[in-house]
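Tertiary structure, described
Residues per chain, in single letters:
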Amino acid sequence: MKSSVLTCSNLHKHFGKHSVLQGIDFELAPGEITVLLGANGTGKSTLFKLALGLLLPDQGTIEVLGLDPIKQSKNLRQQIGFVPSIPDAYDWMTVKDLFHMLAPQYPTWKKSEADRLCEELKVPIDRRFKQMSRGEGMKAMLVAALAPDPKILLLDEPFGGLDPMAREEVLARIIDEARVGERTLLCSTHDMEVASRIADRVAVLADGKIELQGLVSEILQKEAAQPADLQAVLAGGER
């Protein structure tokens, strides 16, 4: 693998007595799309929050773009685009309000890019988030993540709850934008079909650990040989 843009080494995170991540060893290569597969509740969102510096590891280390997410959080967040599983803007905000708030925080923010993406994705910039469909809200979040031209794009279950048309629009845009330059993308999902369409590499998270990782072609071959095993992991219980 090429030099890593994200490295986890023996990464642990627990909440009280509940252990969510139990010794994660994981790397992202630059310019690749990696899909993090796992059932709901297996710690995918926790890993994203650790990468963003929103949580402190209990053991082990995580480094993103050569930076410590806690000690160098401001510098790091200016280089990461993040799309949460649920739009996290205030209900009263319009998309225009959101962009007005975010733009000063990102020196590389490109208004022309935000305008272009909003037009192409038909994002209603003057509508309040509380009046939007789930698909419109997620497309707005995607535009906000891409406007600063981030080096790494993190997407936490971006397809959940979307109608088929919105899902296809978001998928197509993610594929297009990930291929721009050397942008690295990590997308979490429990949907193997999504992984087969967009991933260069796949990592399977289960029982607090990366149980399986490799090129998407390798993982698909293993699924074909033992489909019940992988489906059992992806349908695993809540953690």
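Each remark here, short or long, concerns the structure printed above.
Before going into details, it helps to say that this report is about the structure given with it. (Residues numbered from 1 in each chain as written. Predicted model: local features only at pLDDT ≥ 70, side-chain atom pairs only at ≥ 80, totals over all residues. Heavy atoms only, no water.)

1. Section: helix α1 (residues 44–51)
With respect to burial, α1 is a largely interior element, six of its eight residues being buried. Those residues of α1 not exposed but buried are Lys44, Thr46, Leu47, Phe48, Leu50 and Ala51. Following α1 by one or two positions, Gly53 has its phi on the positive side, about 80°. (Buried < 20%, exposed > 50% of the residue type's maximum accessible area, 1.4 Å probe, protein only. Helix = DSSP H or I, 4+ residues; strand = E, 2+ residues; numbered from the N terminus.)

2. Overview of the packing of helix α4 (residues 111–121) against helix α5 (residues 134–146)
Following both chains from N to C, one finds α4 and α5 inclined at 155°, their axes separated by 9 Å at the closest point. Relative to α5, the element α4 is oriented roughly antiparallel. With respect to the hand of their crossing, α4 and α5 are arranged in right-handed fashion. Along its contact with α4, which presents Ala114, Leu117, Cys118 and Leu121, the element α5 presents Lys139, Val143 and Leu146. Here the residues of the contact of α4 with α5 sort into six nonpolar, no polar and one charged. (Axes fitted to C-alpha atoms, helices over the stretch in contact; angles between N-to-C directions. Parallel < 35°, antiparallel > 145°, perpendicular 65-115°, else oblique. Left-handed = near helix turned anticlockwise from the far one by under 90°. Contact = heavy atoms within 4.5 Å. Nonpolar A, V, L, I, M, F, W, Y, C, P; charged D, E, K, R; others polar.)

3. Side note on the pairing of strand β8 (residues 201–206)
The buried count for β8 comes to five of six residues, which makes it a mostly enclosed element. Looking at chain direction, strand β3 (residues 33–37) and β8 are connected through four bridges and run parallel. Looking across to β8, one finds that Thr34 is bridged to Arg201. Pairing of β8 with strand β9 (residues 209–215), which is carried by six bridges, proceeds in the antiparallel orientation. Residue pairing across strands places Arg201 opposite Leu215, the latter belonging to β9. From the end of β8 to the start of β9, which pair antiparallel, there are two residues, and Asp207 there has a positive phi angle of about 55°. (Pairing = 2+ DSSP bridges.)

4. Re the nonpolar core
Judged by nonpolar contacts, the single largest core of 47 residues is most densely connected at Leu98, Phe99, Phe129, Val143, Leu155 and Val202. Each residue touching Phe129, except ones within four places of it in the same chain, is listed here: Pro87, Ala89, Tyr90, Asp91, Met93, Thr94, Val95, Leu98, Gly137, Ala140 and Met141. Of all hydrophobic cores here, the second largest spans 27 residues; its members include Cys8, Ile152, Leu154 and Ala203. (Core = buried A, V, L, I, M, F, W, Y, C linked by side-chain atoms within 4.5 Å.)

5. Points about the sheet that holds strand β6 (residues 152–156)
An order of β5-β6-β7-β3-β8-β9 is seen for the six strands of this open sheet, with the pairing classed as mixed. At either margin of the open sheet sits one strand with a lone partner, and together these are β5 (80–83) and β9. Shown here is a sheet whose adjacent strand axes are inclined to one another by a mean of 15°, direction ignored. The strands touched by α1 are β3, β5, β6, β7 (184–189) and β8; relative to β6, the strand with the most contacts, the crossing angle is about 150°.

None of this, on its own, says anything about what the molecule does.
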